[in-house]
Amino acid sequence: MKKICILFIILFTCNCLLGQTLELPAPQKTGGMPLMEALAKRASVRDYDTTDISMQQLSNLLWASFGINRPDGRRTAPSASNKQEIDIYVLLKNGAYVYDAQNNKLIQVTPEDLRSQATDQRFAEAPVQLIFIADLAKRGESSEEGKLRTANIDCGYISQNTNLYCTSEGLATRPRGSVNRDALISKLKLRADQKILLAHSVGFPKP
């Protein structure tokens, strides 16, 4: 009986640890809509269907937004001095995660569904909420104002990648500066030098 109990504890612990990460399928790096067509069709969408996007689409979305596209670890969006200070937090119905671009996986921050706290009711039905967070500790010794100015520029590049991927894939998205920062800072366990810059609702457009 004692051995059975120990085995159960080991299996339970392993399952808990496995539940803390989501392995993403390898991103698809070819195909999609031609760039000029995507630019012509890009639009911010207000109304979302509740249908989940696939894990493949999520992987592609995150890679397009700020994934690694070269062997030296550089990314699909530029960052000043290659500091790569922007982290993408992914809010899903089964929890909140941070995107690990190096290993192409999502690391769980909390199992709580925080999507409704990332937006107001107009966009709450979107199945995915992306939160772009600047880790100012990575930006060196300049003033906080200077770090934030640079981080906001870098965040803009990533946001445009998000917009263009969603357009190419037939997904809906809308970038927003309005986020329930006080709630998310606590729930996502952010440090004082981690700043929420922008959010993107992502999903299918409502028919």
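J.: Residues and numbers for a nonpolar patch on the surface, please.
T.: A contiguous nonpolar surface patch, about 330 Å² in accessible area, is contributed by Leu35, Met36 and Leu39. Note that Leu39 resides in helix H2 (residues 35-41).

J.: Requested: an account of the sheet that holds strand E7 (residues 194-203), with residues and values cited.
T.: If you trace the seven strands from one edge of the open sheet to the other, you get E1-E4-E3-E2-E5-E7-E6, paired in antiparallel fashion. In this open sheet, the two strands that pair with only one neighbour each are strand E1 (21-23) and strand E6 (172-176). In this sheet, neighbouring strand axes are inclined to one another by 25 degrees on average, regardless of whether the strands run parallel or antiparallel. Pairing between strand E5 (residues 128-135) and E7: eight bridges, direction antiparallel.

J.: So, the environment of Asp113: which residues are in play, and what are the values?
T.: Note on placement: Asp113 falls in the loop between strand E4 (105-110) and E5. Classification of Asp113 by relative accessible area gives partly exposed; the value is 31%. Along the backbone, Asp113 and Leu92 are 21 residues apart, and their C-alpha atoms lie at a distance of 6.3 Å. Asp113 has contacts with Leu92 and Lys93, leaving out every residue within four places of it along the chain. A polar contact of 2.9 Å, which involves the side chain of Asp113, links it to the side chain of Arg115.

So, how was this worked out
- Residues numbered from 1 in each chain as written.
- Predicted model: local features only at pLDDT ≥ 70, side-chain atom pairs only at ≥ 80, totals over all residues.
- Heavy atoms only, no water.
- Patch = residues over 30% accessible without salt bridge, like charges linked within 9 Å, V, L, I, M, F, W, Y side chains within 5 Å.
- Areas by Shrake-Rupley, 256 points an atom, 1.4 Å probe, with all protein chains shown as cover.
- Salt bridge = Lys/Arg side-chain N within 4 Å of Asp/Glu carboxyl O.
- Helix = DSSP H or I, 4+ residues; strand = E, 2+ residues; numbered from the N terminus.
- Pairing = 2+ DSSP bridges.
- Axes fitted to C-alpha atoms, helices over the stretch in contact; angles between N-to-C directions.
- Buried < 20%, exposed > 50% of the residue type's maximum accessible area, 1.4 Å probe, protein only.
- Contact = heavy atoms within 4.5 Å.
- Polar contact = N/O pair within 3.5 Å; in protein donor to acceptor, adjacent residues only side chain to side chain.

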